[in-house]
Amino acid sequence: MTHRVFVIGHPIAHSRSPMMQNYWIARHGVDAVYDKLDIAPADLADFFRAFRAEPYIGANVTIPHKLAVIPFVDRTDGAAQAMGAVNCLWWDGAALVGGNTDALGFLGNIDAAAPGWDAGGKHAVVMGAGGASRAAIYGLLSRGFAVSLCNRTLDKAVALARHFGAGVTAHGLDAVPDLLVTADVVVNTTSLGMIGQPPLDLDLAPMKPDAVAYDIVYVPLETAFLARARARGLRTVDGLGMLLHQGVVGFDHWFGQRPDVTPDLRALLENDIRAKTPGA
Ligand code: ATR
């Protein structure tokens, strides 16, 4: 029987998950198809009825369902609890698990792009306090980092720092220049630098030469922030890699195999992004 996997969202047309997952399905010779499904919030219960009846082997979950799916699963994993959001569904025996693969994607990407990044100093500066910020913070804390969380709206940084507890301090964006001096990793999780948004304008000259700059934005493929970091001689890690590496984790949950993030696969997604977004 051909296994079925879905990404559900509303809207969902823009999702690149089918392109990525079907590439691995073909390479691994798995008998499965990964489709996108536009599910309106009112239809979520019907989706889960079908999911359990069939049953489907798994799914990814995106906006606006990342919180709404929680009552429909049998349990959530630690990452989903820490992030307050589910982005992946899989079976653990008879139990339907709602998990979050973003933190492992965040880590898998930086492990691949900047080997040894966590072997030295352990101070991270994370800019932004939205959903992506939670994945970065959860991942960094799991590797023993102290996180300076900086956000335009200080209250949101304070609330998120409190949520994570020891290891995270809250600051306004005005604190970033001073904090950068001692940073081993700097992560942008704000929407600054996305196509149509102002760039993230930071002077990276005071940073340590062996520091790593990580941008979660992937349209454009190289943000001004990463271009500046590269020119400064820092190691850089991009957002497309995070998308690909969180996909690895989902595939492993569904099919028990860890697929590779190959140059071919990266090129496939890069070409799609460039084709659909002039200037990306
Ligand atoms: P995501 O879930 O993708 O992380 P989000 O929850 O919308 O997205 O969060 C966007 C982040 O980008 C927030 O931290 C936001 O700052 P505020 O909390 O102050 O809104 C940040 N952001 C968006 N536009 C910004 C801007 N022009 N300058 C600085 N920060 C900005």
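Note that the coordinates shown come from a computational prediction; the quantities given were computed from them, not determined experimentally.

A.B. asks: Even after reading the chapter, I still don't get the site of the ligand, so can you show me in this structure?
C.D. replies: Around the ligand lies a shell of 14 residues, among which A129, N151, R152, T153 and K156 are the nearest. In this structure, an oxygen atom belonging to the ligand sits 3.0 Å away from a main-chain N or O atom of G131. Protein chains bury 67% of the 640 Å² of accessible surface belonging to the ligand in isolation. In the shell around the ligand, the residues fall into four nonpolar, eight polar and two charged.

A.B. asks: Explanation requested: the domain arrangement of the chain in the structure shown.
C.D. replies: How big an interface is tends to be expressed through the accessible area that disappears when the partners come together. Structurally, the chain comprises domain 1 (3-100 + 241-276) and domain 2 (104-238). The C-alpha-based centres of domain 1 and domain 2 are spaced at 25 Å. Taken together, the contact pairs 17 residues of domain 1 with 17 residues of domain 2. Put simply, domain 1 and domain 2 have one salt bridge between them. A salt bridge links D238 to R266, with the nearest nitrogen and oxygen atoms 2.7 Å apart. Remark: the boundary between domain 1 and domain 2 carries four residue pairs in polar contact (both at pLDDT 80 or more). When contributions to the side of domain 1 that touches domain 2 are tallied by element, the ones reaching two or more residues are α3 (78-83), α9 (239-255) and α10 (263-276). Counting residues per element, the side of domain 1 that touches domain 2 draws most heavily on α9, at six residues.

Each value, and the rule that gives it
- Residues numbered from 1 in each chain as written.
- Predicted model: local features only at pLDDT ≥ 70, side-chain atom pairs only at ≥ 80, totals over all residues.
- Heavy atoms only, no water.
- Near = heavy atom within 4 Å.
- Polar contact = N/O pair within 3.5 Å; in protein donor to acceptor, adjacent residues only side chain to side chain.
- Areas by Shrake-Rupley, 256 points an atom, 1.4 Å probe, with all protein chains shown as cover.
- Nonpolar A, V, L, I, M, F, W, Y, C, P; charged D, E, K, R; others polar.
- Domains from an automatic or database assignment.
- Contact = heavy atoms within 4.5 Å.
- Salt bridge = Lys/Arg side-chain N within 4 Å of Asp/Glu carboxyl O.
- Helix = DSSP H or I, 4+ residues; strand = E, 2+ residues; numbered from the N terminus.

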